[in-house]
Amino acid sequence: MIGVYDSGVGGLSVWKELRAAMPAEDFCYVSDGAYCPYGPKDPAFVVDRAMAVSRFLISQGAEVVVVACNTATAAAISTLRSSFAIPFVGMEPALKPAALRSQSGVVGVLATAGTFKGRLYLNTLARFSGRVKVIEQVGTGLVELVERGEVAGPEAESLVGRYVRPMLEAGADHIVLGCTHYPFLTGTIARIVDGRAAIVNPAPAVARQAQRVLADLRERTGKKQPAGKPGLSTFFSTGEDTVLRQLVRQIAGPQADSYLYHSLYII
Ligand code: DGL
C-alpha cells in the first residue's frame, strides 16, 4: 500500500497521478486539514505533524510514503528518512526543468513561505540563479481557497492575478506550481496566463519516481506488484472532508463511491 500525505486536499493532485500510473495499487491518503495551512507555520511544528502522520500511515501498512506537500517535504523529509525504515518520496518545486527549458530566462515560482525556506529548494535556486532570473511569490490565501473548494470565481481570479501577472510582466515563460494545492487552480491560472507561459506541475514526475521506488523495494523484498482489479483508496481527514470527497469524485468518477472515508484524530 502507498501512503500519501498532505496538509489538506492539495495532495490529491499527486494522488491523481499516482493512481493513473499505478491503478492496481491500494492508497491510504491523510489530509491533515485540522492543521492546514502548513505554509506559514514553524517548521518544527510541521516536522511533528509529518512524524505523527507517517507513523499512522506505517501502522496502516504503507510500504512507501509520498509526502505530497512541498512545505512538509521542505521541513521534514530528512527527519522522516532518518526516523523510519520505509522509503519516502517528497515534492520539490520544479525549478530545474523550468530553468532548463526557459527561453526568456525568467521563471516564476509560486509556493508557500515554508517551501521557499527549504534546503532542497535553496540548493536548486543556487544552481540555477545564474542561468535564469527567478521570481518567487508566496501564494498567501490560495491554499485556503482550494480547501474551501473555491477554485474559480472572482476571489480566485483576483488573488491568482495579483501573484501571476507581475511574473508575466517581468517576462516569465514558465510558472512553477510549487504547492500541491495549486494544480486545482490551473483553470484560473491558465486564464490569466493566456498562453504566455507554461504552467509546470511536478506531480506526474513524482508519480513516476514513486513507481520506481516501489518497484525497487518489491524487487528487493520479493513482494509481487498487484495486477488486475483496481486498487482501493482510503481517505483519512483530521478536519472536515466535504471538499476532499468532491475532489476525489471529480478525479475518480463513480469509482469514488467504492472508496473509504474516515475521520482521524492524531495528536
Ligand atoms: N499542499 C501543501 C504544499 O504543497 C500546502 C501547504 C500549506 O498547507 O500551506 O506546500
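To be clear, the structure that these remarks concern was listed above.
Residues numbered from 1 in each chain as written. Predicted model: local features only at pLDDT ≥ 70, side-chain atom pairs only at ≥ 80, totals over all residues. Heavy atoms only, no water.

## What to know about the site of the ligand
Around the ligand, the surrounding shell holds 14 residues, and the nearest of these are Ser7, Tyr38, Gly39, Thr71 and Thr180. A distance of 2.7 Å is found between an oxygen atom of the ligand and a backbone nitrogen or oxygen belonging to Tyr38. The fraction of the free accessible surface of the ligand (300 Å²) that becomes covered by protein chains is 99%. Residue composition of the shell around the ligand, grouped by class: six nonpolar, seven polar and one charged. (Near = heavy atom within 4 Å. Polar contact = N/O pair within 3.5 Å; in protein donor to acceptor, adjacent residues only side chain to side chain. Areas by Shrake-Rupley, 256 points an atom, 1.4 Å probe, with all protein chains shown as cover. Nonpolar A, V, L, I, M, F, W, Y, C, P; charged D, E, K, R; others polar.)

## So, the pairing of strand β5 (residues 106-111)
Most of β5 is tucked away: six of the six residues are buried. Of the two faces of β5, both are covered, the one formed by Val106, Gly108 and Leu110 as well as the one formed by Val107, Val109 and Ala111. For β5 and strand β6 (residues 133-138), the ladder comprises six bridges, and the chain directions are parallel. Within β6, the residue paired with Val107 across the bridge is Val134. One ladder, built from five bridges, connects β5 with strand β7 (residues 174-178); its direction is parallel. Note on β7: the bridge partner recorded for Ala111 is Gly178. (Buried < 20%, exposed > 50% of the residue type's maximum accessible area, 1.4 Å probe, protein only. Helix = DSSP H or I, 4+ residues; strand = E, 2+ residues; numbered from the N terminus. Pairing = 2+ DSSP bridges.)

## Some words on the pattern of salt bridges
This model, assessed by the stated rule, comprises nine salt bridges. A salt bridge links Arg218 to Glu25; the shortest N-O distance between them is 2.7 Å. One end of the pair, Arg218, is in helix α10 (residues 203-221); the other, Glu25, is in the loop between α1 (12-21) and β2 (27-31), and 193 residues separate them in sequence. Its relative accessible area of 6% is what places Glu25 among the buried residues. Between Lys223 and Glu63 there is a salt bridge, with the nearest N and O atoms lying 3.4 Å from each other. In this pair, Lys223 sits in the loop between α10 and β9 (233-237) while Glu63 sits in the loop between α2 (43-59) and β3 (64-67), placing the two residues 160 residues apart along the sequence. The class for Lys223 is partly exposed, based on a relative accessible area of 45%. (Salt bridge = Lys/Arg side-chain N within 4 Å of Asp/Glu carboxyl O.)

## Focus on the sheet that holds strand β10 (residues 260-263)
Overall, parallel pairing links the six strands, which are arranged β4-β3-β1-β2-β9-β10 in an open sheet. Since the sheet does not close on itself, it has two edges, and those belong to β4 (88-89) and β10, each with one partner. Where β9 meets β10, four bridges bridge the pair, whose relative direction is parallel. Bridging across to β10, Phe236 finds its partner in His262. Contacting β1 (2-6), β2, β3 and β9, α1 runs over the sheet at an angle of about 175° to β2. (Contact = heavy atoms within 4.5 Å. Axes fitted to C-alpha atoms, helices over the stretch in contact; angles between N-to-C directions.)

## Considerations on the environment of Ala190
With respect to the helices, strands and loops of the structure, Ala190 is situated in helix α9 (residues 186-193). Along the backbone, Ala190 and Gly171 are 19 residues apart, and their C-alpha atoms lie at a distance of 16 Å.

By themselves, these are just geometric observations and shouldn't be taken as functional.
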